[in-house]
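The residues making up each chain are set out below.
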Amino acid sequence: MMSPKLVGALLLFPLAWALEDGSEAFYKKARISHASNTTYNLVTLADAVQELGARCLDGTPAIYYFRKGTGDGINKWYIHHQGGGWCESWDDCLSRSRGALGSSKGDAPQITMDGGYFSPSPNENPMMYNWNSVYVRYCDGGSFSGSNATVASYGGASLYFRGSHNRQAVYNSLVATYQLGNATDVVVSGCSAGGLATYLHVDQWCDALSVDAPHLNKCVGLPDSGFFLDYESPAVPALVEESTSFTRLTRKLNTPSGGYHKGLQWAFETFNASSGVNRDCVAAKGIGDDPPYLCMFAEHTAVFIHTPVFAMQSEYDAWQTSYVLNPKDGPHAPQQLGDNITKRMGANMFGPHPSSGSFLDSCHHHCGSWNSIRIDGDLISTAFAKWYSSLDVKGSKRVWRQGKPYPCDDCCKP
């Protein structure tokens, strides 16, 4: 029989959602704990509802979970944006608002998180095992980017698109309540849609801390499986024409496989995300062929990120091969996807930002390969620690890449 604590934790994660991003299996495994110091306590941001307008899709308060650091990790922080896909249509947003991806009403007072970058074990998580750990609950449907003051009414429900306000409320609370302003080291992270949130918001976190944390030594990004390509399958229009509307404000039903570009465009515009994503990106974008909504995509935002980023990414990301691609794209599409991910990360991340790096593997997976894949003899936990410790060392290793053709089952083995 499961403990009440674990039962409560399970309420956080629905078994299936229309646009579930493949992160559920990873989070389910991470919360099955076999170690000490794995309890996270709930923080409900009730005051921020009025102060900042921070709300989940259904109007409930934004929340996060916190585990205090110990020893020499007392002023070091790992901050994780939960993943869980996006709501890319009115019907999908309505559906999400009725469950854990759009509401905080069912959250337990405590959860347990273990494994990977959550692990309190120095063997599994050698650099961050005793750091303060923050698990930012995802309930806005737009990778913490929305800033729409209007309350939308759809299907008899009120919907709030306030993800950017939620992120800011978490930041304010951590500074005021848990002394984030004393931080010396901060790693901003997230898996899947939370990985995308890392690309979109790492500058917001680190720029604010450069002012509020006078002893800050390093602040970096660690996105896990968040480099989603800006792609719209040519097979999609015929499928969409039969089932739904893609007009910007009346889009209904759910995004078909291969419709990711238009789905995030709808989210950006409906959520009023222009002030919630990377501001340098938005300022640089114009109209027509280079509109601001492109800043909702990691590959376009990456050029403008000035914070060092270490990307955990599969070339053949398992969610992207099923949902960014369409089955009619053909048998060579996964290899082409991998080639494009590799090319665009190189051109848009490593080229403009030599301090940034990655652990770019060729295993067909999504999220959570912290200690299950080796590249150049290193697991991700080791590679990330090496990259982090040598950020100021010219000529140090930045990129770990397998570079194997698809499919590569052996690439998934440590």
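Details of the structure are given in the entry above.
These lines cover the structure that appears in this document, whether it is placed above or below. By convention here, each chain's residues receive numbers from 1 onward along its written sequence. Local features in a predicted model are, by the rule used here, given only for residues with pLDDT of at least 70; side-chain atom pairs are given and counted only at 80 or more, and totals for whole chains, interfaces and linings are based on all residues. Neither water nor hydrogens contribute to the side-chain values; these are computed over all heavy atoms in the structure.

**With respect to the state of the cysteines**
Criterion for a disulfide: a pair of cysteine sulfur atoms within 2.5 Å. Applying the stated rule across the entire model yields seven disulfides. Between the sulfur atoms of Cys206 and its disulfide partner Cys219 the distance amounts to 2.0 Å. Here the disulfide of Cys206 and Cys219 is left-handed, its torsion about the S-S bond being about -75°. With a gap of 13 residues between them, Cys206 in helix H6 (residues 193–212) and Cys219 in strand E9 (residues 218–224) connect regions that are remote in the sequence. There is no split in this pair, since Cys206 and Cys219 are both buried. The side chain of Cys281 participates in a disulfide bridge whose partner is Cys295; the two sulfur atoms lie 2.1 Å from each other. Under the scheme used here, helices are H or I runs from DSSP no shorter than 4 residues and strands are E runs no shorter than 2 residues, and both carry numbers assigned from the N terminus. Throughout this description, buried means an accessible area under 20% of the type-specific maximum (1.4 Å probe, protein chains only), exposed means over 50%, and partly exposed covers the range between.

**Some thoughts on the side chain of Ser147**
Within the secondary structure, Ser147 sits in the loop between strand E5 (132–136) and strand E6 (152–154). Think of a polar contact as two N or O atoms within 3.5 Å of one another; within protein, one of them needs to be a possible hydrogen donor and the other a possible acceptor, and neighboring residues in sequence only count if both atoms come from side chains. At 2.9 Å, the side chain of Ser147 and the side chain of His165 are in polar contact. By the convention used here, residues are in contact when the closest approach between their heavy atoms is within 4.5 Å. When sequence neighbours within four positions are dropped, the list of residues in contact with Ser147 reads Phe161, Ser164, His165, Phe271, Asn272 and Ser275.

**Description of the pattern of salt bridges**
The rule for a salt bridge is simple: a side-chain nitrogen of Lys or Arg has to be within 4 Å of a carboxyl oxygen of Asp or Glu. Counting across every chain of the model gives seven salt bridges. For the salt bridge of Asp107 with Arg137, the shortest nitrogen-to-oxygen distance reads 2.7 Å. Within this pair, whereas Asp107 is found in the loop between helix H4 (90–97) and strand E4 (110–112), its partner Arg137 is found in the loop between E5 and E6, the two being separated by 30 residues in sequence. Considered together, Asp107 and Arg137 belong to a single accessibility category, that of buried residues.

**Notes on the pairing of strand E2 (residues 63–67)**
Burial within E2 is extensive, with five of its five residues counted as buried. Alternating residues of E2 divide into Ile63, Tyr65 and Arg67 and Tyr64 and Phe66, and every residue in both groups is buried. Both E2 and E5 contribute to a ladder of four bridges, which runs antiparallel. Bridge pairing links Tyr64 to Val136 in E5. A pair of strands is treated as paired once DSSP finds two or more bridges between them.

**Observations regarding helix H8 (residues 260–271)**
The length a helix should cover is 1.5 Å for every residue beyond the first. In this model, H8 (twelve residues) spans 16 Å end to end at C-alpha, consistent with the 16 Å of a helix rising 1.5 Å per residue. Within the sequence span of H8, burial applies to Tyr260, His261, Gly263, Leu264, Gln265, Trp266, Ala267, Phe268, Thr270 and Phe271. Following H8 by one or two positions, Asn272 adopts a phi angle in the positive range, close to 55°.

**Quick look at helix H12 (residues 333–350)**
Under the 1.5 Å per step criterion, the end-to-end length of H12 is 24 Å for 18 residues, consistent within 8% with the ideal 26 Å. Inspection of H12 places Ala333, Pro334, Leu337, Gly338, Ile341, Thr342, Met345, Asn348, Met349 and Phe350 among the buried residues, and these make up the whole buried set. In the core, the buried residues of H12 are packed alongside H6, helix H10 (298–301), strand E10 (310–314), helix H11 (318–324), strand E11 (357–361) and strand E12 (399–401).

**Digging into unusual backbone geometry**
In terms of backbone geometry, most residues other than glycine have negative phi values and most peptide bonds are trans. Going from Tyr406 to Pro407, the amide bond is cis rather than trans, its omega being -10°. Following the sequence through the fold, Pro407 ends up in the segment after E12. One non-glycine residue with positive phi stands out, namely Ser225, at about 55°. Position of Ser225 among the secondary structure elements: in the loop between E9 and helix H7 (236–243). Here Ser225 falls in the buried class, since its relative accessible area comes to 1%. Residues other than glycine seldom take positive phi values, yet Asn272 does so here, at roughly 55°. Topologically, Asn272 is positioned in the loop between H8 and helix H9 (279–284).

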